[in-house]
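What follows is each chain in one-letter form.
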Amino acid sequence: MKLLVPVKRVVDYNVKVRVKPDGSAVETAGVKMSMNPFDEIAVEEAVRLKEKGIATEIIAVSAGVAACQETIRTALAMGADRGILVETDAALEPLSVAKILKALVQKEAIDLVVMGKQAIDDDMNATGQMLAALLGWPQGTFASKVEIADGKATIIREIDGGNETIALALPTVITADLRLNEPRYASLPNIMKARKKTIDTLTPADLGVDPAPRLTTVKVSEPPARKAGVKLADVAALLDKLRNEAKVI
Amino acid sequence: MTSLVLLDYDAAGIKQPARSAVAAAAKLGEVHVLVVGENIAATAEAAAKLAGVSKVLAADRAAYAHPLAEPLAALVVGLAGGYSHILSASTATGKNVMPRIAALLDCQPISDISDVIDADTFVRPIYAGNALATVKSSDAKKIITVRAASFDPAEATGGSATIEAVSGDTANTGSTYLSSEIAKSERPELTAAKIIVAGGRGMQNGENFTKLIDPIADKLHAAVGASRAAVDAGFVPNDYQVGQTGKVVAPDLYIAIGISGAIQHVAGMKDSKVIVAINKDEDAPIFQIADYGLVGDLFTILPELDKAL
Ligand SMILES: Cc1cc2nc3c(=O)[nH]c(=O)nc-3n(C[C@H](O)[C@H](O)[C@H](O)COP(=O)(O)OP(=O)(O)OC[C@H]3O[C@@H](n4cnc5c(N)ncnc54)[C@H](O)[C@@H]3O)c2cc1C
Ligand SMILES: Nc1ncnc2c1ncn2[C@@H]1O[C@H](COP(=O)(O)O)[C@@H](O)[C@H]1O
């Protein structure tokens, strides 16, 4: 079974981002970039499926600027077999990414796509669902457990109020939630080995995709700031404030 | 210009986030709502009473007993023709289905909006709410999920909409519902609660939630929330999680106990009216956004608080 794992290069989750003074975007110059945390979980799940003998090949793909190579290398060091960079300087929306991924799924005859549920920069939570729709495949979003057997995937999904178990006919798209697994750190030998793995480079045009965005950003602003309040001496002082000043209890 | 709102509900009725989605839609013009499920007559009646709703579309079929993305999306796409905007709350169902609908209509979804500027222009938080993007869509139809905490819910009564039965393509491309585990609780839902008492890794275990947080929550008629660390450690179920990837809440009062205040947690609660932090580390980042702080050991503070309430 051939797996595709899309990995996005994003501002590292520990960075507190700042809005550019001109309000055009968030400042990303000189900021630490990493693989989207949900995509690390997706890569880990794919590698485990290979270790179990279910997956035969894992292709990691990233769409974006040339530096997305690094993100693909990280996936290769974790255990993906080869990479594809779909290089563009255009800002990509989930719709464009889904179209790019659809073309790759068809080109590479992919049986299963495992990806993150959400990119922590745009917080869209959309690409996986859109890819499944474009392919006419079923979708298994927000997965916290995945089992593949007898031509289907049985997944536990995190939903409001609890969990849901559904079965999906293969081929399918699965999006990873936080509790699916604990991603491994790439070992030094594996990082060395990953350097020899191939990364092919394509463009959106090679795949017949026009990445023109449908959303234009009018402006980006800082959210209203909260000020630090007061530290109180004891429970009595707290209750007094809550009752008489804030009047919330 | 008419909007269609896909309504979230459960056995207890129409969910508050769904009423917030109706409120967001009402800013755009006329509002129709779609109720999908099996044996939904009572829910459709309740939907017809929602303030600001002029028509209820009711799709009542066994195939819709569980909100699977494939048949739901097929149904909505079939109904999409007359609508300029299709919205739902950013609930698990909304997040699952709306992007699928958008892709089938060749539109870019506009996720988790926190404000409506005009028919094409919306505000949405990005980077875990550390920035707000104002975006303008050029798509013919806008497919939108709504951050419930940012819109006062539409009143549950006052409307008198007509109810119309609809059916659609139940095409299911291969998903089957097997089972679900829904935590039963007497407490208010996190996204609807006026007060939330939340615990983090500092709580040490699940028994401490039961022993120390539950009695306080009971006295305050509050919901109980948690950080990801507390959920991952198995102290409480996953749907307690507040944050970038959990629930986004904006109660009148949020009490964060043994929670450090990581960006991803703060993303889900910083719009609360009043924030209280209880933490033994006086430098914990949570104090930077808390209105009132108590520095100290939660194992002495919580029993005192319980007694004093
Ligand atoms: C992609 C991604 C998404 C994430 N999404 C979320 C999310 O949605 N929600 C979320 O919460 N997190 C999320 N996280 C995790 C987040 O980064 C933090 O790891 C998490 O919020 C920490 O939880 P905590 O504050 O309970 O634990 P810690 O950071 O370990 O803090 C524990 C706190 O308890 C205090 N404490 C300990 N003992 C006591 C005591 N006896 N008395 C008083 N205080 C005490 C400590 O001083 C400390 O401040 C996400 C992370 C990533 C990478
Ligand atoms: N430019 C990209 N390159 C590769 N994968 C991506 C890209 N954008 C989004 N994805 C994938 O889609 C998931 C959801 O992203 P989003 O819909 O933007 O929140 C991510 O976790 C990735 O797996």
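Only a predicted model underlies this, so the values are computations on that prediction, with no experimental measurement involved.

J.: It is not clear to me how empty space enclosed by the protein should be interpreted in this structure. Could you clarify?
T.: If a probe as big as a water molecule is rolled over the atoms, it shows which places are left empty. Counted according to the given criterion, the structure contains three cavities of 30 Å³ or more. In this structure, the largest cavity spans a volume of roughly 680 Å³. Forming the boundary of the largest cavity are 44 residues, of which S90, K95, T245, G246 and K247 of chain B lie nearest the centre. For the lining of the largest cavity, the elements supplying multiple residues, two or more each, are β8 (152-159) of chain A together with α4 (92-104), β7 (110-113) and β11 (142-146) of chain B. Residues that form the lining of the largest cavity fall into these classes: 18 nonpolar, 13 polar and 13 charged. Counting the residues that make up the lining of the largest cavity, at least three belong to each of domain 1 (2-165) and domain 2 (190-308) of chain B. The space that makes up the second largest cavity amounts to roughly 100 Å³. Across the lining of the second largest cavity, the residue classes tally to eight nonpolar, three polar and one charged.

J.: I would appreciate a short explanation of the site of ligand 1 in the present structure.
T.: As a matter of local geometry, ligand 1 sits amid 30 residues, with R201, S227, S260, Q264 and N279 of chain B nearest to it. Ligand 1 is flanked by residues contributed from chains A and B. Separating an oxygen atom of ligand 1 from a side-chain N or O atom of Q241 of chain B is a distance of 2.9 Å. At 3.4 Å from an oxygen atom of ligand 1 is found a main-chain nitrogen or oxygen belonging to G246 of chain B. When the free accessible area of ligand 1 is taken as 990 Å², the share hidden by the protein chains comes to 86%. Where the shell around ligand 1 is concerned, the elements lending two or more residues are α1 (37-51) of chain A together with α6 (228-232), α7 (263-266) and α8 (298-308) of chain B. Residues belonging to the shell around ligand 1 are distributed by class as follows: eleven nonpolar, 14 polar and five charged.

J.: Any chance you could explain the domain arrangement of chain B here in plain terms?
T.: A common measure of how large an interface is: the accessible area buried when the components associate. Residue and element names in this part refer to chain B. Per the domain assignment, the segments making up chain B are domain 1 (2-165) and domain 2 (190-308). A straight line from the C-alpha centre of domain 1 to that of domain 2 covers 30 Å. Listed as interface residues are eight residues of domain 1 and, on the opposing side, ten residues of domain 2. Of the roughly 720 Å² buried between domain 1 and domain 2 on both sides combined, carbon and sulfur atoms contribute 54%. Contact with domain 2 buries surface across domain 1, with A128, R147 and A149 losing the most and accounting together for 55% of the total. For the interface between domain 1 and domain 2, the tally reads zero salt bridges. In the side of domain 1 that touches domain 2, the residues fall into three nonpolar, three polar and two charged.

J.: Would you explain the interface of chain B and chain A in this entry?
T.: Chain B puts 84 residues into the contact, and the matching count from chain A is 81 residues. Contact between chain B and chain A buries roughly 6700 Å² in total, counting both sides, with carbon and sulfur atoms accounting for 56%. Considering only the surface of chain B that becomes buried against chain A, Q108, Y127 and Y292 of chain B emerge as the three largest contributors, covering 12% of it. Seen at the junction of chain B and chain A, the total is five salt bridges. R214 of chain A is the partner of D139 of chain B in a salt bridge, and the nearest nitrogen-oxygen pair spans 2.6 Å. On inspection of chain B and its partner chain A, the count reaches 45 residue pairs in polar contact (both at pLDDT 80 or more). Class assignment of the residues belonging to the side of chain B that touches chain A gives a composition of 40 nonpolar, 24 polar and 20 charged. The pairing of strand β9 (residues 162-169) of chain A with strand β13 (residues 175-182) of chain B spans seven bridges and is classified as antiparallel. Bridge pairing in β13 of chain B links I166 of chain A to Y177 of chain B.

J.: Help me out: how do you make sense of α1 of chain A in this one?
T.: For an α-helix, 3.6 residues make a turn, and residues three or four places apart therefore share a direction. If you check α1 of chain A, its first and last C-alpha atoms are 21 Å apart, about what 15 residues at 1.5 Å a residue would give, namely 21 Å. Residues of α1 of chain A that are buried: F38, D39, I41, A42, V43, E44, E45, A46, V47 and L49 of chain A.

J.: In this structure, what is going on with unusual backbone geometry? I would like to understand it.
T.: Of note, the amide linkage connecting L170 of chain A to P171 of chain A takes the cis form, showing an omega dihedral of 0°. With respect to the helices, strands and loops of the structure, P171 of chain A is situated in the loop between β9 and β10 (172-176). Unusually for a residue other than glycine, D123 of chain A sits at a positive phi of about 50°. Inspection of the secondary structure puts D123 of chain A in the loop between β6 (112-116) and α4 (127-135). Phi is positive for D112 of chain B, close to 60°, though the residue is something other than glycine. Tracing the sequence through the fold places D112 of chain B in strand β7. A relative accessible area of 16% means that D112 of chain B is categorised as buried.

J.: Mind showing me how you'd approach the site of ligand 2 here?
T.: All names here are of chain A. Every one of the 19 residues lining ligand 2 counts as a neighbour, but D39, A63, A119, N125 and T127 are closest to it. Contact distances for ligand 2 include 3.2 Å between an oxygen atom and a backbone N or O atom of G116. Within the backbone of M124, one N or O atom sits 3.5 Å away from an oxygen atom of ligand 2. For the shell around ligand 2, the secondary-structure elements that each account for two or more residues are β4 (57-64), α3 (94-108) and β6.

How each quantity is defined
- Residues numbered from 1 in each chain as written.
- Chains lettered and ligands numbered in written order.
- Predicted model: local features only at pLDDT ≥ 70, side-chain atom pairs only at ≥ 80, totals over all residues.
- Heavy atoms only, no water.
- 1 Å grid on protein atoms, 1.4 Å probe; cavity = no way out; pocket = protein on both sides within 12 Å on 5 of 7 lines; lining within 4 Å.
- Points joined across faces, edges and corners; volume = space filled by probe spheres on them.
- Helix = DSSP H or I, 4+ residues; strand = E, 2+ residues; numbered from the N terminus.
- Nonpolar A, V, L, I, M, F, W, Y, C, P; charged D, E, K, R; others polar.
- Domains from an automatic or database assignment.
- Near = heavy atom within 4 Å.
- Polar contact = N/O pair within 3.5 Å; in protein donor to acceptor, adjacent residues only side chain to side chain.
- Areas by Shrake-Rupley, 256 points an atom, 1.4 Å probe, with all protein chains shown as cover.
- Contact = heavy atoms within 4.5 Å.
- Buried area = accessible area lost by both parts, 1.4 Å probe.
- Salt bridge = Lys/Arg side-chain N within 4 Å of Asp/Glu carboxyl O.
- Pairing = 2+ DSSP bridges.
- Expected span 1.5 Å × (residues − 1).
- Buried < 20%, exposed > 50% of the residue type's maximum accessible area, 1.4 Å probe, protein only.

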